[in-house]
Amino acid sequence: MVLGTYKEVVTARSTDKEIQKIAQDGGIVSALFCYALEEKLIDGAVVAGPGKDFWKPEPMVAQTADEILAAAGTKYTFSPNVLMLKKAVRQYGLEKVGTVAIPCQAMGIRKMQSYPFGVRFLADKIALLTGIFCMENFPFASLQTFISEKMGVSPELVEKMDIGKGKFWVHTADDVLSIPLKETHGYEQSGCKVCLDYVAELADVSTGSVGSPDGWSTVFTRTDAGETVFKAAVEAGVIETKPVDTGKFGLEILTKLATQKKEKAMKEIDRRKEMGLPVPFKASSEKEDPLANV
Ligand SMILES: Cc1cc2nc3c(=O)[nH]c(=O)nc-3n(C[C@H](O)[C@H](O)[C@H](O)COP(=O)(O)OP(=O)(O)OC[C@H]3O[C@@H](n4cnc5c(N)ncnc54)[C@H](O)[C@@H]3O)c2cc1C
Ligand code: SF4
């Protein structure tokens, strides 16, 4: 259960060369949305589009493949995609909305669907919730500070950011630089310290890089809707898959990281409870299996 409920898990990537070039990992998010748009399974998707500041995303409603591709790639700061869902329905008139969410946003969306106070018009219009793995996130000012001051790179020059092999990486046109993650820890958003979900357990389909080789993604299909669209995209040749290997890649590393995240967060939750501070309401160290906390 540490990886949530799922039907199937595979290693996968988009077969489209353009998506492979611009995507963060296997391009699963972009490929799935482009496919779902084309097949009219969704009529738009809320994605983290480019903003006015470099690397500060602006949520946007993408209604064409070009708009989806313009938002590809990970921005390691918040993109309040959930805020844009109301607009997607009310202003853009979408009936079948796709959206991409980090785990906390996926939780928010599911909560909103289960208790749709003030959003009844929206709750049943989420047609495809694609979740992305997330270990931690950074406020925009923190991200800018450690890139410019610790790494000595002007954020405008950054073409890609990535977390992997215990380091935070930035790619510029002619350089690749990294710092150990332990040097970025102090910059994390403090709410992330009580977050119990690594692999977007509540999404229809969730995906991330960990567990798969470079250029590929690990993909969990979790719900009927997620399974249907992912299988159809594979059958259409839009996405190629291979088994999740054990050993160097695969579920072992994912399970380890997800367990570490939950255990560390539970410790912090207990600490905050003792101090009388607010904590996520479902989290309880009294549960027989603390890893059952979502
Ligand atoms: C803060 C953060 C932390 C992450 N940590 C991990 C990790 O620890 N391990 C791991 O395996 N993967 C992690 N990921 C996920 C990973 O970086 C990729 O986003 C994921 O593998 C999807 O890649 P792709 O090639 O399928 O997506 P692409 O086709 O490149 O599309 C990425 C999609 O994500 C959207 N997006 C980008 N930034 C954000 C954002 N900040 N908030 C919401 N949506 C966004 C884009 O708009 C785009 O639609 C993290 C992502 C984020 C945003
Ligand atoms: S660690 Fe959790 S709370 Fe923080 S951004 Fe990621 S999903 Fe959200």
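Residues numbered from 1 in each chain as written. Chains lettered and ligands numbered in written order. Predicted model: local features only at pLDDT ≥ 70, side-chain atom pairs only at ≥ 80, totals over all residues. Heavy atoms only, no water.

**Describing the overall build of the protein**
The line we're drawing: Secondary structure is summarised from DSSP: a helix means a run of H or I of at least four residues, a strand means a run of E of at least two, and numbering begins at the N terminus for each. The reference for a compact globule is 2.2 Å times residues^0.38; the radius of gyration itself is calculated from the C-alpha atoms. Type-normalised accessible area, obtained with a 1.4 Å probe on protein chains alone, sets the label of each residue: buried when under 20%, exposed when over 50%, and partly exposed for intermediate values. Residue contacts follow a heavy-atom distance rule, with two residues in contact if any of their heavy atoms lie within 4.5 Å. Charged-residue counts in this description rest on Lys and Arg as positive and Asp and Glu as negative, His and the chain ends being excluded. Working definition for charges: the position is that of NZ of Lys, CZ of Arg, CG of Asp or CD of Glu.
Helix and strand content of the protein: 9 helices and 11 strands. In terms of overall size, the protein behaves like a compact globule, its C-alpha atoms giving a radius of gyration of 19 Å where 294 residues would be expected to give roughly 19 Å. Its C-alpha atoms give the protein principal-axis dimensions of about 50 × 50 × 40 Å. By residue count, 48% of the 294 residues in the protein fall in the buried class. Considering only intrachain contacts with a sequence separation of at least 6, the fraction spanning at least 24 residues in the protein is 65%. With 36 positive and 39 negative side-chain charges, the protein shows a separation of 4 Å between the mean positions of the two kinds.

**Some remarks on the site of ligand 2**
Defined as follows: The nearness test applies per residue and asks whether one of its heavy atoms lies within 4 Å of the molecule or strand. Under the scheme applied, nonpolar residues are Ala, Val, Leu, Ile, Met, Phe, Trp, Tyr, Cys and Pro; charged residues are Asp, Glu, Lys and Arg; polar residues are all the others, including Gly.
The local shell around ligand 2 consists of Phe-78, Ile-102, Pro-103, Cys-104, Cys-134, Met-135, Glu-136, Asn-137, Cys-192, Cys-195 and Lys-261. When the residues that make up the shell around ligand 2 are grouped by side-chain class, the tally is 8 nonpolar, 1 polar and 2 charged.

**What to know about the site of ligand 1**
The condition is simple: Here a polar contact is taken to be a pair of N or O atoms separated by no more than 3.5 Å, where protein atoms must pair a possible hydrogen donor with a possible acceptor and residues adjacent in sequence count only if both atoms sit in side chains. Computed with the Shrake-Rupley method and a 1.4 Å probe, the accessible areas treat only the protein chains shown as cover for residues.
Around ligand 1, the surrounding shell holds 32 residues, and the nearest of these are Asp-25, Ser-30, Thr-74, Thr-77 and Ser-209. One nitrogen or oxygen atom from the main chain of Ile-28 is found 2.8 Å from an oxygen atom belonging to ligand 1. Here ligand 1, which alone exposes 910 Å², has 98% of that area covered by the protein. Going through the elements one at a time, α2 (28–38) and β2 (44–49) are the ones with two or more residues in the shell around ligand 1. Sorting elements by how many residues they give to the shell around ligand 1 places α2 first, with 3 residues. Looking at the shell around ligand 1, its residues break down into 16 nonpolar, 13 polar and 3 charged.

**Looking at the packing of aromatic side chains**
Our working definition: Between 30 and 60 degrees the pair is tilted, below 30 it is stacked and above 60 it is edge-to-face, where a pair is any two Phe, Tyr or Trp rings, Trp via its six-membered ring, whose centres lie within 6.5 Å. Any Lys NZ or Arg CZ that is within 6 Å of a ring centre and within 35 degrees of that ring's normal is treated as a charge sitting over the ring.
For the structure on display, the rule yields 8 aromatic pairs. Ring geometry for Tyr-6 and Phe-220: centres 4.8 Å apart, planes at 65 degrees, overall edge-to-face. Note that Tyr-6 is positioned in the segment before β1 (8–14) and Phe-220 in strand β10 (residues 217–221), a separation of 214 residues in sequence. Over the face of the ring belonging to Phe-220 we find Arg-222, whose NZ or CZ atom lies 4.7 Å from the ring centre. Here the guanidinium or amino end of Lys-242 rests over the ring plane of Trp-216, the centre of that ring lying 4.3 Å away.

**Remarks on the sheet that holds strand β4 (residues 97–101)**
Defined as follows: In this description, strands pair whenever DSSP reports at least two bridges between them. Fitted lines through C-alpha atoms serve as axes, helices being fitted only where they are in contact, and the angles separating the N-to-C directions of these axes extend from 0 to 180 degrees.
With respect to topology, 8 strands assemble into an open sheet ordered β3-β2-β4-β5-β9-β10-β1-β11, the strand pairing being mixed. Sheet topology places β3 (58–62) and β11 (239–243) at the edges, where each strand pairs with a single neighbour. Across the sheet, the axes of successive neighbouring strands diverge by a mean angle of 30 degrees, strand direction being ignored. Looking at chain direction, strand β9 (residues 205–208) and β10 are connected through 4 bridges and run antiparallel. Counted as the bridge partner of Gly-208 is Thr-218 from β10.

**Brief notes about unusual backbone geometry**
In this model, Lys-40 sits at a positive phi of 60 degrees, which is unusual for a non-glycine residue. On the secondary structure map, Lys-40 appears in the loop between α2 and β2. Positive phi, close to 50 degrees, is recorded for Lys-165, a residue that is not glycine. Note that Lys-165 resides in the loop between β6 (160–164) and β7 (167–171).

**Thoughts on the domain arrangement of the protein**
Here is the rule: Domain limits in this description derive from either an automatic procedure or a database domain assignment. Here, a salt bridge means any Lys or Arg side-chain nitrogen found within 4 Å of an Asp or Glu carboxyl oxygen.
In terms of domain boundaries, the protein breaks down into domain 1 (8–137 + 191–286) and domain 2 (138–187). Relative placement of domain 1 and domain 2: their C-alpha centres are 22 Å apart. In this assembly, 12 residues from domain 1 lie in contact with 14 residues from domain 2. Between domain 1 and domain 2 we count 0 salt bridges in total.

**Quick look at the packing of α2 against helix α8 (residues 224–235)**
Spelled out, the test is: Here the angle decides the label: under 35 degrees means roughly parallel, over 145 means roughly antiparallel, 65 to 115 means roughly perpendicular, and every other value means oblique.
The geometry of α2 relative to α8 is characterised by a closest axis approach of 10 Å and an angle of 90 degrees between their N-to-C directions. Comparing their axes, α8 and α2 come out roughly perpendicular. Residues Leu-32, Tyr-35 and Ala-36 of α2 form the contact with α8, whose own contacting residues are Val-229, Phe-230, Ala-232 and Ala-233. Per-class residue counts for the contact of α2 with α8 are 7 nonpolar, no polar and no charged.

**Considerations on the sheet that holds strand β8 (residues 176–180)**
Read from one edge of the open sheet, 3 strands run β6-β7-β8, paired in antiparallel fashion. The two strands at the open ends of the sheet, each matched to only one other strand, are β6 and β8. Neighbour-to-neighbour, the strand axes of the sheet open up by a mean angle of 20 degrees, direction not taken into account. Pairing analysis gives 5 bridges linking β7 to β8, with the strands arranged antiparallel. What sits directly across from His-171, in β8, is Val-176. Along the sheet, helix α7 (residues 140–150) contacts β6, β7 and β8; its crossing angle with β7, the most-contacted strand, is approximately 75 degrees.

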